[in-house]
Amino acid sequence: MYQQMIFVNLATDDVAASRKFFTELGYSINPQFSTDDCSCVVISDTIIAMLLSKQRYADFTKKEIADSTKTSEVLICLSAESREKVDELVEKAVAAGGTANDDVQDQGFMYGRSFEDLDGHSWEVVWMDPAAVQG
């Protein structure tokens with residue numbers, strides 16, 4: 001059965017530093033689609049983050065590239081299998097040089113935290129009780 005994929009393209013100031021950051025979070029790099037100007041980060045079988053130098057990113061758009069340290073251009077949300085996995089990923093992000101956001105969202109059936117990567121892109125990590133989803 002066909003599974004639709006998502007490729008999130010993000011501009012970065014330093015491809016090598018961003019590659020290191022995401023590998024420290026536990027993600028792998030697909031070398032087939034990575035160069036000095038681009039790093040293909042495999043988050044899951046269906047989620048890929050393409051980290052592009054700003055010069056390479058500009059090849060795909062005529063718009064001004066947002067300064068993600070000052071402007072929110074996207075909120076990326078990843079699911080986690082448990083509350084502990086939410087905390088674990090955010091803690092890895094901070095240890096790798098990212099910044100944790102202070103807001104913890106704890107609604108009992110749903111728990112989330114967020115961090116910013118080295119370029120200021122916002123990543124949310126959320127766990128939801130499967131019983132609440134089923135309904």
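Before any of the text, the structure's been laid out above.
Just so it is clear, the structure is predicted and the values come from calculations on it, not from any experiment.

### Thoughts on the layout of surface pockets
Over the atoms, a rolling probe the size of a water molecule traces out where space has been left empty.
In step 1: What the largest pocket holds in volume is close to 300 Å³.
In step 2: Around the largest pocket, the lining is made up of 15 residues, and of these Y27, S79, A80, K85 and L89 lie nearest the centre.
In step 3: Taken together, the elements giving at least two residues each to the lining of the largest pocket come down to β5 (75-79) and α3 (83-95).
In step 4: In terms of residue count, the dominant contributor to the lining of the largest pocket is α3 (4 residues).
In step 5: Its residues assigned to classes, the lining of the largest pocket comprises 8 nonpolar, 3 polar and 4 charged.
In step 6: Quantified by volume, the second largest pocket comes out at close to 160 Å³.
In step 7: Surrounding the second largest pocket, N9, L10, A11, Y57, T61, K63, E64, I65, A66, E73, V74 and H121 form its lining.
In step 8: For the lining of the second largest pocket, the residue count by class is 6 nonpolar, 3 polar and 3 charged.

### Overview of the sheet that holds strand β2 (residues 28-29)
In step 1: If you walk across this open sheet you meet the 4 strands as β1-β4-β3-β2, and the pairing is mixed. Looking at strand neighbours, the two that pair on one side only are β1 (6-12) and β2, the edges of this open sheet.
In step 2: Both β2 and strand β3 (residues 38-42) contribute to a ladder of 2 bridges, which runs antiparallel. Directly across from I29, in β3, lies its bridge partner V41.
In step 3: Seen against the sheet, helix α1 (residues 15-24) touches β1, β2, β3 and β4 (47-53) and runs at an angle of roughly 155 degrees to β4.

Thresholds applied
- Residues numbered from 1 in each chain as written.
- Predicted model: local features only at pLDDT ≥ 70, side-chain atom pairs only at ≥ 80, totals over all residues.
- Heavy atoms only, no water.
- 1 Å grid on protein atoms, 1.4 Å probe; cavity = no way out; pocket = protein on both sides within 12 Å on 5 of 7 lines; lining within 4 Å.
- Points joined across faces, edges and corners; volume = space filled by probe spheres on them.
- Helix = DSSP H or I, 4+ residues; strand = E, 2+ residues; numbered from the N terminus.
- Nonpolar A, V, L, I, M, F, W, Y, C, P; charged D, E, K, R; others polar.
- Pairing = 2+ DSSP bridges.
- Contact = heavy atoms within 4.5 Å.
- Axes fitted to C-alpha atoms, helices over the stretch in contact; angles between N-to-C directions.

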